[in-house]
Amino acid sequence: MHSIGIRRRNRVCCFRTGCRRWLAFPLAAALLGGLLAPGHAAAQVLIQQTRGDLPAITRLVPAGFQRGTTLELVIEGLRFDGLHAILAPPGIRLVKPAAIEEKQARLEIEVAADAPAGIFPFHVLCKAGLSNPKLIRIDEFPQIVEQEDNNELGQATPVSLPCAVNATMTATDVDCFRFEAAAGQHVVFDVEAHRLGSPIRPVVTLFDAQGRQLAASGAPPADIRPDNRLEYTFANPGTYIVRLHDLTFEGADFSVYYLRMGGIQFAASMFPLGGQRGTKVPVTLSGGTLAQDLVHLVDLSGEVPWSRTRIVAQGPGGPLAAPALFAVGGHAEAFEQEPNDEAPEAQAVTAPVTINGRIQQPGDRDSFAFDLPAGGRVTLRVLAHDLGSPLDSFITITDASGTELATADDRETTGREPPVVRSVAPQASCDPLLDFTAPAAGKFVVTIEDRSGFGGPNYAYRLEVAPQHADFELLAQPGRAIQAPNPQAAQQQPQVLNEFSGAGTGALSIDRGGTATVVVRAIRNGYNGPIELAVEGLPASVQVGPAVIAAGQNETVLAFNADFEAPGTAAFVKIVGRAALDAAQGPGQAAVSSIVRQVEQPLVLSALPINGAVQHEVGMIALGISQQGAELAVRGRLESPLVQAGTAVLKVTVRRREGYVGDVALRLLNIPTGLSASAASIPAGSNEVELQLAGGLDLSPGRHVLLVEGTLAVPDRPEPFVASFPLDFDVLPLVALELAAQQVEVAEQSSTNVDITVHLHGPLVEPLELSLSGLPKGVSVAATTIPPGTERFALVIEAGEGASASPIRRIVQVKARTRLGEQVLELPTMRFALKVTKGG
């Protein structure tokens, strides 16, 4: 390994989006079009369009819940009228609402002793619908709610270890806490702020009773940044004070933090960072508070719907979250072996392969050699920083003579658009991605290193050397995004950015009879075919039609419809995408015939223009039904099946919210070719109308989706209410034929029958004329006309004198056509395999 110098390749290490090197001084960000309020570091954002009538939670006190206790939870925000339920992780139960007001609610909450530990989204269900999420912490530590004034060391709040402090950090705030420690006691001070959706960047400082500084937190660890952690072993017994503030002394009324103090266990490094699908992978956690390495087995042998996750191992003192994400791959796995610093020492690997390695110390480099034919193509992909490793990797490819052929550093990322807020600037990843084509047959060497020469046991990576393989990820976005802020609205923009706290976002709220949508986006990686979506865990009163992300497309919209009389309820639902693979994945990859991926939703918890937005990914969608009817709700159903060249009645029902009156104008969208409908509207005072649908012979049989749209103009409102309902319906063929056999044999100088069943769904007065092609020489058919009203018909196959036996089966095509007035209807072609055998 190299132990000297830092190889910079004439590059300057700088502060970059997605690859932050935490500096000692805050960096100023560019203003968003000059529209941000003075005194704030800018966050370039796009705001998602949301409903303004939903409940909005701005703060929860406390944000931490201790297992096995009952507590009073104070919720601040807007529109809490009719609060009657919560949506929370298992083990959290609403005992009763203690007091409900428009802007504040006090709830009695029970936390089961076996409630899962960790950070989870929390919603309330009110008369107006489901609120935005706020994150809560479920913990085993006793809980304390901070009380001001404790800004000075002499005013420190007394606490007993172990404990967890729930607090809010307003602008310029400083919080101090006093505690007793024993000689030799090791205490970890872990601040969860960003992890709870708060924009503050905590700084922790430890003092003795006389005010002398003992220790201070430095650069945040990679696995929890921009949160922070400080650990200290006390040499002497006595009284000590811990002080906490924001790095730039900025905050807000809802900038919460959660300070855990005590014997907290954590690991500093993890290896490997992933494994191959279909296997069981031992993962080693080490460092931090672990006295010895801890091995945790990750089972990837079953269905794995995720591409990366944070594993939780059982540590010596309880659950222990890994310091990095764990990724699942489809290639054979290899492990780096030293020495391999330079090309002559390169470790030989065979593509396709995923190499697990570490840049063990500053200046270390790892090299791997692989063979390619002339024109051979591979994709080299690094997974490190995106999984939580501090490695800022840089890769180089050389040929056998050492000539540099290609390099790769940071790359722009696309597709991952958080639902509420995202940076206007292109997002970057420190993990390189390089497509390489061999200029000639031979051996090639790829070398990976940290771009600034750093290294250590936690600088782990996964390096894939393989052709692009079939895979995809799925992201959900409830609602729809608006365009970038209008620069002309400068006078309104600062207020929007300062007051916006994620209200009404991150959840799917539906009024009774109403509709809400979720955009599902596919991030494709080598798979370009269709992805079928299914929703699991839906309440019985909510329906969602089948949906597919079509081949070559990257998104679709799921429409959720609640019944007119749906009860007010809430649930977490899961969206799963499935795709069938047409071909084997190739050598070195897991043998799979399908891809199953669970949809992830990136929750954005804050859009304040301080320290950027906070993102938290969850695998479930929060869905709630309000206790009020939609402003306008539309439903439609066919009273009878629709047949080619036939008619059917479409019954449309609407509901207006109480107090709304007026005519509802109806129109049909997405009308298939060959279908026509009468125009209609529903007058004030009426809720139903019948539309006549008429199909022609050119209306194709099968499944269709028709969009029924209603528009209601209400006085004193500038825009009308518009509601739509997707109607799935089947079109039956006027007539269909079915062969009784797919393989037929006829002996020389004889005949045989092929039975045909006639399925008639409408009036047919003209005969069906059959024509056959592909018959062997000397073989003919007798009658080829099926009279009207016939349900079964025998097609007589005759092998005459010119027919001779053959081992070959010939494919015979049977076409049928009939007339309906002046129009000709051609039926789908039928086929059977015919073989002539020796006569008896």
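Cut-off values and rules
Residues numbered from 1 in each chain as written. Predicted model: local features only at pLDDT ≥ 70, side-chain atom pairs only at ≥ 80, totals over all residues. Heavy atoms only, no water. Helix = DSSP H or I, 4+ residues; strand = E, 2+ residues; numbered from the N terminus. Buried < 20%, exposed > 50% of the residue type's maximum accessible area, 1.4 Å probe, protein only. Contact = heavy atoms within 4.5 Å. Areas by Shrake-Rupley, 256 points an atom, 1.4 Å probe, with all protein chains shown as cover. Pairing = 2+ DSSP bridges. Axes fitted to C-alpha atoms, helices over the stretch in contact; angles between N-to-C directions. Salt bridge = Lys/Arg side-chain N within 4 Å of Asp/Glu carboxyl O. 1 Å grid on protein atoms, 1.4 Å probe; cavity = no way out; pocket = protein on both sides within 12 Å on 5 of 7 lines; lining within 4 Å. Points joined across faces, edges and corners; volume = space filled by probe spheres on them. Nonpolar A, V, L, I, M, F, W, Y, C, P; charged D, E, K, R; others polar. Phe/Tyr/Trp six-rings, centres within 6.5 Å; stacked < 30°, edge-to-face > 60°. pLDDT = per-residue confidence, 0-100.

1. Description of the overall build of the protein chain
- Secondary structure assignment for the protein chain yields one helix and 72 strands.
- Buried positions account for 49% of the 840 residues belonging to the protein chain.
- Residue pairs at least 24 apart in sequence account for 70% of intrachain contacts in the protein chain once pairs closer than 6 positions are excluded.
- Split by element, the accessible area of the protein chain, about 36800 Å² in all, is 51% carbon and sulfur.

2. Here's the deal with unusual backbone geometry
- For the peptide bond that leads from Leu 161 to Pro 162, omega is -5°, which places it in the cis range.
- Inspection of the secondary structure puts Pro 162 in the loop between strand E12 (157-158) and strand E13 (163-168).
- Each neighbour pair has its own omega, and for Glu 338 with Pro 339 the value is 0°, a cis peptide bond.
- In this fold, Pro 339 is placed in the loop between strand E29 (332-335) and strand E30 (347-348).
- Backbone geometry at Thr 172 places phi at a positive 65°, although glycine is not the residue there.
- Along the chain, Thr 172 falls in the loop between E13 and strand E14 (174-181).

3. Brief notes about the sheet that holds strand E38 (residues 433-437)
- If you walk across this open sheet you meet the five strands as E29-E31-E40-E33-E38, and the pairing is mixed. Two strands lie at the open edges of the sheet, namely E29 and E38, each paired on one side alone. Across the sheet, the mean angle separating the axes of adjacent strands is 20° when strand polarity is ignored.
- In the sheet, E29 pairs with strand E31 (residues 353-358) via four bridges, with the strands oriented parallel. In the sheet register, Phe 335 faces E31, and the bridge partner there is Asn 356.

4. Describing the pattern of salt bridges
- Tallied over the entire structure, the rule returns 31 salt bridges.
- Asp 190 is paired through a salt bridge with Arg 195; the nearest N and O atoms lie 2.7 Å apart.
- When its relative accessible area of 5% is taken as the criterion, Asp 190 is described as buried.
- Using a relative accessible area of 22% as the deciding quantity, one classes Arg 195 as partly exposed.
- For Arg 451, the salt bridge goes to Asp 392, with nearest N and O atoms at 3.8 Å. Placement of Arg 451 in the loop between strand E39 (442-450) and strand E40 (460-466) and of Asp 392 in the loop between strand E33 (377-383) and strand E34 (393-399) is noted, with a sequence separation of 59 residues between them.
- For Arg 451, a relative accessible area of 7% corresponds to the buried category.
- Residue class for Asp 392 comes out buried when judged on its relative accessible area of 1%.

5. Overview of the sheet that holds E12
- Taken in spatial order, the five strands of this open sheet run E12-E14-E19-E16-E17, and their pairing is mixed. If you trace the sheet from one side to the other, it starts and ends with E12 and strand E17 (213-216), each paired once.
- Alignment of strand E16 (residues 202-208) against E17, held across three bridges, turns out to be antiparallel. Looking at the pairing, Leu 206 lines up with Ala 215 of E17.

6. Side note on empty space enclosed by the protein
- One pass over the full model with this rule turns up five cavities of 30 Å³ or more.
- As a volume, the largest cavity reaches approximately 100 Å³.
- Forming the boundary of the largest cavity are Thr 58, Arg 59, Leu 60, Ala 63, Lys 134, Leu 135, Leu 196, Gly 197, Ser 198, Phe 254 and Val 256.
- For the lining of the largest cavity, the secondary-structure elements that each account for two or more residues are strand E2 (56-61) and strand E10 (134-139).
- Among the elements that line the lining of the largest cavity, the one with the most residues is E2, at three residues.
- Of the residues in the lining of the largest cavity, the class split is six nonpolar, three polar and two charged.

7. Some thoughts on the pairing of E13
- The buried count for E13 comes to six of six residues, which makes it a mostly enclosed element.
- Burial along E13 is two-sided: Cys 163, Val 165 and Ala 167 facing one way and Ala 164, Asn 166 and Thr 168 facing the other are all buried.
- Sheet topology note: the strand E11 (residues 143-145)/E13 ladder contains three bridges and is parallel. Across the sheet, residue Ile 144 finds its bridge partner in E13, namely Val 165.
- Here six bridges tie E13 to strand E20 (residues 256-262), and the two strands are oriented antiparallel to one another. Counted as the bridge partner of Cys 163 is Met 261 from E20.

8. Here we look at the packing of aromatic side chains
- Counted under the stated rule, the structure contains eleven aromatic pairs.
- Here Phe 179 and Phe 189 contribute two aromatic rings whose centre-to-centre distance is 5.7 Å and whose plane-to-plane angle is 50°, an arrangement assigned as tilted. In this pair, Phe 179 is assigned in strand E14 and Phe 189 in strand E15 (residues 186-192), connecting sequence segments ten residues apart.
- For Phe 189, a relative accessible area of 0% gives the class buried.
- Seen in terms of ring centroids, Phe 179 and Phe 234 are 5.9 Å apart; in terms of plane orientation they differ by 75°. Their pairing is edge-to-face. On the criterion of sequence distance, the pair formed by Phe 179 in strand E14 and Phe 234 in the loop between strand E18 (228-233) and strand E19 (238-246) is long-range, its members being 55 residues apart.
- Using a relative accessible area of 1% as the deciding quantity, one classes Phe 234 as buried.

9. Quick notes on the confidence of the model for the protein chain
- Summarising the model, the protein chain shows a mean pLDDT of 84, and 86% of its residues fall at 70 or more.
- Below a pLDDT of 50 lies the segment residues 1-49, which in the model reaches 128 contacts outside its immediate sequence neighbourhood of four places, other chains included.
- Note that residues 414-426 has pLDDT below 50 and, in this model, 39 contacts with residues that lie over four places away or in other chains.

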